[in-house]
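Listed here are the chains, written in short residue letters.
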Amino acid sequence: NDFVLNFVEENQEDPFFLYLPFSHVHTTRSTPEEQYAGCKFQGSTERGTFGDALEEADWIVGNLMQKLEELGLEEDTLILFTSDNGPWLIKDLSGGSAGLFTGRFAGYWNTGKATTWEGGIRMPAFAYWKGKIPPFSRSSEIVSSLDVFPTLSSLAGVSLPPNRTMDGRDMSDILLQEHGKSQHDFLFIYGTCGKGPYWEVSGVRHGDYKAHWCTMPGMQDNRTAMIHRYDPPLLFNVAKDPSEASPISYNKLPEHPNDAAAMDRILKAYAMEKATFEFGNLVPVPDGPGEGPGTYGVCCDRKRDCYCRRDSSSSSTTTTMANHNNNNVGIFGLGTAEHHDKYHETLGEEEPWPPVTSTQAILHEWKAENQKQNLRSNVS
């Protein structure tokens, strides 16, 4: 939160690009209920730790939006907000929900993250640009996170590198025009069904149509044992059938002329995609100072489940903030709220107080009462 607000403040006079990837609502594996939220948000919602994590993410975004408004930057700033993939369904309540996108025809329930069913790849996205994007406008045109780079490059007047193939397309027309159209006639979906060194084409979106050549469950053990292949591909109209419950055709060509014509276009595009696709290798940017495996923020000691006890002492009378009974917090109290406050005090940063829910109000009152008791003890 502080980094984001400071970044905008420091760069308000110049064009800037801010990438803000949240770890919130992604499963954490090692923390209670496999979700993480800061100490002041734990127990703040009725949705459990997932809701707490979501509320903290919402708070950070809200602070960013308020900062842009305060600095008069809203009309010069495009904000894009999206997710990367669908829910990790085997994580139960910690994994989120696929909602309507259940992939009912699959024959198994794990149709979220790491699948090419709609529950794995169809994400919500929001775009905000005051004075440029009409409020409450919506579009069901096909776009991809691959489109972000060419779109921002176009808006910034920067030419794309000529020596490489771009899978993304400029989606400026969709963002800025009432009836803007997608530049993706075919958006191919690469999945993990292949046995070779590279992923292979598993599906494609073409207008309202979606075709599957290969499907498999999401991240779980023995998922490869449930691979299904289709020739010709399984065909859906996901505008009418977003749950992918009733295929237009299954292991045969469709009969209706419109569907048959769409299948013909899909098969020709598929052949072209396979014949012209250029494989490459990603070279990651080297880690900078303080980056790399094992380097995490000291505000959360993951080995102690991001323990949020206010007092790092081992006294049995000390009140806890997250209903933990772990008194073994170490000599420095890493992961406790006390250590968290000391960290910010040392840096000279004033930690902002989030919007007060009923639970947070109780915690706030508890903190104030503790301060009064400490003051009385010092006086006596």
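As the structure is a computational prediction, the values presented were derived from the model and not from experiment.

### Regarding the overall build of the chain
Okay, step 1: Looking only at helices and strands, the chain features 8 helices and 6 strands.
Okay, step 2: Counting the 380 residues in the chain, one finds 36% classified as buried.
Okay, step 3: Taking contacts inside the chain between residues at least 6 apart in sequence as the whole, the part at least 24 apart equals 56%.
Okay, step 4: Accessible area for the chain stands at about 23,600 Å²; split by element, carbon and sulfur atoms hold 53% of it.

### Observations concerning the sheet that holds strand S3 (residues 187–191)
Okay, step 1: With antiparallel pairing, 4 strands are arranged side by side in an open sheet as S3-S4-S5-S6. Edge positions in the sheet fall to S3 and strand S6 (228–237), since each has one partner strand and no second. Pairwise comparison of adjacent strand axes, ignoring direction, gives a mean angle of 20 degrees for this sheet.
Okay, step 2: Where S3 lies against strand S4 (residues 200–206), 5 bridges are found, and the strand directions are antiparallel. Bridge pairing in S4 links Leu-187 to Arg-205.
Okay, step 3: Seen against the sheet, helix H6 (residues 257–276) touches S3, S4, strand S5 (209–215) and S6 and runs at an angle of roughly 55 degrees to S5.

### Points about the environment of Thr-27
Okay, step 1: Mapped onto the elements, Thr-27 comes out in the loop between helix H1 (2–10) and helix H2 (48–70).
Okay, step 2: Discounting chain neighbours no more than four positions away, the residues touching Thr-27 are Glu-34, Gln-35, Trp-88, Lys-91, Ser-94 and Gly-95.

### Observations concerning the packing of aromatic side chains
Okay, step 1: Scanning all chains against the criterion turns up 11 aromatic pairs.
Okay, step 2: With centroids separated by 6.4 Å and ring planes inclined at 25 degrees, the aromatic side chains of Phe-186 and Phe-188 adopt a geometry described as stacked.
Okay, step 3: We classify Phe-186 as partly exposed; its relative accessible area is 24%.
Okay, step 4: Here a set of aromatic residues connected by ring pairs shows up, and it is made of Phe-105, Trp-117, Tyr-230, Phe-236 and Tyr-250.
Okay, step 5: The ring of Trp-88 has Lys-91 lying over it, and the distance from NZ or CZ to the ring centre is 4.8 Å.
Okay, step 6: Above the ring of Trp-88, the side-chain terminus of Lys-113 is found at 4.8 Å from the ring centroid.

### Notes on the confidence of the model for the chain
Okay, step 1: Mean pLDDT for the chain: 82, with 75% of residues reaching 70 or above.
Okay, step 2: Segment residues 312–331 is flagged for pLDDT under 50; beyond a separation of four residues in sequence, or across chains, it makes 36 contacts in the model.

### Things to note about H2
Okay, step 1: When the terminal C-alpha atoms of H2 are compared, their 33 Å separation across 23 residues agrees well with the 33 Å that a helix rising 1.5 Å per residue should span.
Okay, step 2: Gly-72, located one to two residues past H2, shows a positive phi value of around 70 degrees.

### So, the side chain of Glu-74
Okay, step 1: Looking at the element boundaries, Glu-74 is found in the loop between H2 and strand S1 (79–82).
Okay, step 2: In this structure the side chain of Glu-74 is engaged in a polar contact, spanning 2.9 Å, whose partner is the side chain of Tyr-128.
Okay, step 3: Leave out the neighbours within four places in its chain, and Glu-74 touches Leu-68, Glu-69, Tyr-128, Trp-129 and Lys-130.

### Observations concerning the packing of H1 against H2
When two helices pack together, you describe them by how their axes are tilted relative to each other and by the distance separating the axes.
Okay, step 1: For the pair H1 and H2, interaxial distance at closest approach is 10 Å and the crossing angle is 15 degrees. By the criterion of interaxial angle, the relationship of H1 to H2 is roughly parallel. As for the relative orientation of H1 and H2, their crossing is right-handed in sense. Along its contact with H1, which presents Val-4, Leu-5, Val-8 and Glu-9, the element H2 presents Asn-63, Leu-64, Lys-67 and Leu-68.
Okay, step 2: Considering only residue class, the contact of H1 with H2 consists of 5 nonpolar, 1 polar and 2 charged.

The rules behind these values
Residues numbered from 1 in each chain as written. Predicted model: local features only at pLDDT ≥ 70, side-chain atom pairs only at ≥ 80, totals over all residues. Heavy atoms only, no water. Helix = DSSP H or I, 4+ residues; strand = E, 2+ residues; numbered from the N terminus. Buried < 20%, exposed > 50% of the residue type's maximum accessible area, 1.4 Å probe, protein only. Contact = heavy atoms within 4.5 Å. Areas by Shrake-Rupley, 256 points an atom, 1.4 Å probe, with all protein chains shown as cover. Pairing = 2+ DSSP bridges. Axes fitted to C-alpha atoms, helices over the stretch in contact; angles between N-to-C directions. Phe/Tyr/Trp six-rings, centres within 6.5 Å; stacked < 30°, edge-to-face > 60°. Lys NZ or Arg CZ within 6 Å of the ring centre and 35° of its normal. pLDDT = per-residue confidence, 0-100. Expected span 1.5 Å × (residues − 1). Polar contact = N/O pair within 3.5 Å; in protein donor to acceptor, adjacent residues only side chain to side chain. Parallel < 35°, antiparallel > 145°, perpendicular 65-115°, else oblique. Left-handed = near helix turned anticlockwise from the far one by under 90°. Nonpolar A, V, L, I, M, F, W, Y, C, P; charged D, E, K, R; others polar.

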